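Examination of the molecular architecture
Now for the letters of each chain:
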Amino acid sequence: MIQLKYIASIKKGIKDVGNVINKGVQKVWKTGKAVGKWVVEHKEDILKVVNQYIIGTDTTIYTTDLLGGEFAITTHEGGNIFVTKRNSEFRYEGWSLNLNCLVPVLDTKLSGKSWNPFTWKIQSQIKYTDIDTGVPVKGGGYIKKDGVGINGSYSGTSGNMPIELPSGIGVDDFASINWSLSYEKGFANWRQIGEGVISLAAIFAIVVFVADNFIGIGAADDLALIPLLGYVTSRIPALGEMLQNMFPQIALSCVN
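Conventions used here
- Residues numbered from 1 in each chain as written.
- Predicted model: local features only at pLDDT ≥ 70, side-chain atom pairs only at ≥ 80, totals over all residues.
- Heavy atoms only, no water.
- Helix = DSSP H or I, 4+ residues; strand = E, 2+ residues; numbered from the N terminus.
- Buried < 20%, exposed > 50% of the residue type's maximum accessible area, 1.4 Å probe, protein only.
- Contact = heavy atoms within 4.5 Å.
- Areas by Shrake-Rupley, 256 points an atom, 1.4 Å probe, with all protein chains shown as cover.
- Pairing = 2+ DSSP bridges.
- Axes fitted to C-alpha atoms, helices over the stretch in contact; angles between N-to-C directions.
- Patch = residues over 30% accessible without salt bridge, like charges linked within 9 Å, V, L, I, M, F, W, Y side chains within 5 Å.
- Salt bridge = Lys/Arg side-chain N within 4 Å of Asp/Glu carboxyl O.
- Phe/Tyr/Trp six-rings, centres within 6.5 Å; stacked < 30°, edge-to-face > 60°.
- Polar contact = N/O pair within 3.5 Å; in protein donor to acceptor, adjacent residues only side chain to side chain.
- Core = buried A, V, L, I, M, F, W, Y, C linked by side-chain atoms within 4.5 Å.
- pLDDT = per-residue confidence, 0-100.

A look at the overall build of the protein
Within the protein one finds 6 helices and 9 strands. Within the protein, buried positions represent 24% of all 256 residues. Of all intrachain contacts in the protein linking residues separated by at least 6 positions in sequence, the fraction that spans at least 24 positions is 44%. For the protein, the exposed surface amounts to about 17,900 Å²; the carbon and sulfur share of it is 63%.

Right, dumping it as structure tokens:
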């Protein structure tokens, strides 16, 4: 009798759980149908918001080298969060994703030529307006597959373009024109960065060894210091020489 009572309780528990799950599924299904119906009824409004505030297109209508930088004239349509780029022949050139929401005080952007991560570049810049000229100026740095670097730009609209729009270029909406003069310079590739990190770690280790045995360097420390100092000297000769001058016992250990 006791076993039958337990079995009946288990069956009732399983049934109750099944009923709860079934009610949950039905509720989700009804909610999904309601949401789907709302989307269908308001699809035009949704598309209008997306095209006006979220997805946009930049078309480059003119580019040239100017004052050591790249001068470009573009037209913009739509939103500013996710922007696709195309040239004057309407061929796709890449995309960019506005990440200003992550760090509001900085102009941060992720861009690429395709969905291949090796074409991606993330840049973060400070933006301000030059008081004398009224031209917006940006300056900051970037990270991409080749390494890190610094970049900057001047930009504006059709009202303060530094050069005349070349003849033969047609623009449907002159007010949509934007121009930019951009500069970019690589600072270090990933190999240099890796060597810098290793050198920094080696310098730190040398300082720790010396500080740990300030009155003199023991035999165990000698064995560790020799390759560390050798690496630092091979990568940064001036720093290696300075360390030897600061701690003569290191140079003596290496000679011995």
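Alright, that's what it looks like, and here's the rest.
Observations concerning the pairing of strand 5 (residues 107-112)
Among the 6 residues that make up strand 5, 5 are buried, leaving the element largely enclosed by the rest of the structure. In this structure, strand 4 (residues 92-98) lies alongside strand 5, joined through 4 bridges in antiparallel fashion. Bridging from a neighbouring strand, Ser96 pairs with Ser111 of strand 5.

Some points on unusual backbone geometry
Positioned with a positive phi, Leu67 is a non-glycine residue whose angle comes to about 55°. Looking at the element boundaries, Leu67 is found in the loop between strand 1 (55-66) and strand 2 (69-78).

Examining the sheet that holds strand 4
For sheets, the rule is that strands pair by backbone hydrogen bonds, running either parallel or antiparallel. Strands sit in the order 1-2-9-8-7-6-5-4-3 around a closed barrel of 9 strands; the barrel is mixed. Pairwise comparison of adjacent strand axes, ignoring direction, gives a mean angle of 30° for this sheet. Lying over the sheet, helix 2 (residues 43-54) contacts strand 1, strand 2 and strand 3 (82-86), oriented at roughly 25° with respect to strand 1.

Brief notes about a nonpolar patch on the surface
A cluster of nonpolar residues, Val49, Tyr53, Ile54, Ile55 and Ile81, forms a patch on the protein surface that exposes about 430 Å² of accessible area. It is helix 2 that contributes the most residues to the nonpolar patch, 3 residues altogether. Accessibility expressed as a relative area gives 40% for Ile81, which makes it partly exposed.

Examining the packing of aromatic side chains
Across all of its chains, the model carries 5 aromatic pairs by this definition. Between Phe82 and Trp115, the ring centres sit 6.3 Å apart and the planes meet at 5°, which makes this aromatic pair stacked. Note that Phe82 is positioned in strand 3 and Trp115 in the loop between strand 5 and strand 6 (121-129), a separation of 33 residues in sequence. Classification of Phe82 as partly exposed rests on a relative accessible area of 22%.

So, the pattern of salt bridges
In total, this model carries 5 salt bridges according to the counting rule given. With its nearest N and O atoms 2.5 Å apart, the salt bridge here joins Lys138 to Asp107. On the criterion of sequence distance, the pair formed by Lys138 in strand 7 (residues 136-144) and Asp107 in strand 5 is long-range, its members being 31 residues apart. With relative accessibility at 19%, the residue Lys138 sits in the buried group. Taking the relative accessible area as the measure of exposure, Asp107 reaches 12% and is therefore buried. The network of salt bridges with shared partners includes Lys121, Lys144 and Glu184.

A word on the side chain of Thr57
Position of Thr57 relative to the elements: it lies in strand 1. A polar contact of 3.5 Å, which involves the side chain of Thr57, links it to the side chain of Thr84. Not counting residues within four places of it along the chain, the set of residues in contact with Thr57 comprises Thr75, His76, Glu77, Val83, Thr84 and Arg86.

Some details on the nonpolar core
In terms of nonpolar packing, the biggest core is built from 8 residues, these being Ile61, Phe71, Ile73, Val135, Met161, Ile177, Trp179 and Leu181. Elements supplying a minimum of two residues to this core: strand 2 and strand 9 (177-189). With 3 residues, strand 9 is the largest single contributor of residues to this core. Excluding its chain neighbours within four sequence positions, the residues that come into contact with Phe71 are Tyr62, Thr63, Thr64, Leu66, Met161, Pro162, Ile163, Trp179, Ser180 and Leu181.

Thoughts on the confidence of the model for the protein
Predicted confidence across the protein gives a mean pLDDT of 77, with 68% of residues reaching 70 or more. In the model, residues 214-220 has pLDDT below 50 throughout and makes 6 contacts with residues more than four positions away in sequence or in other chains.

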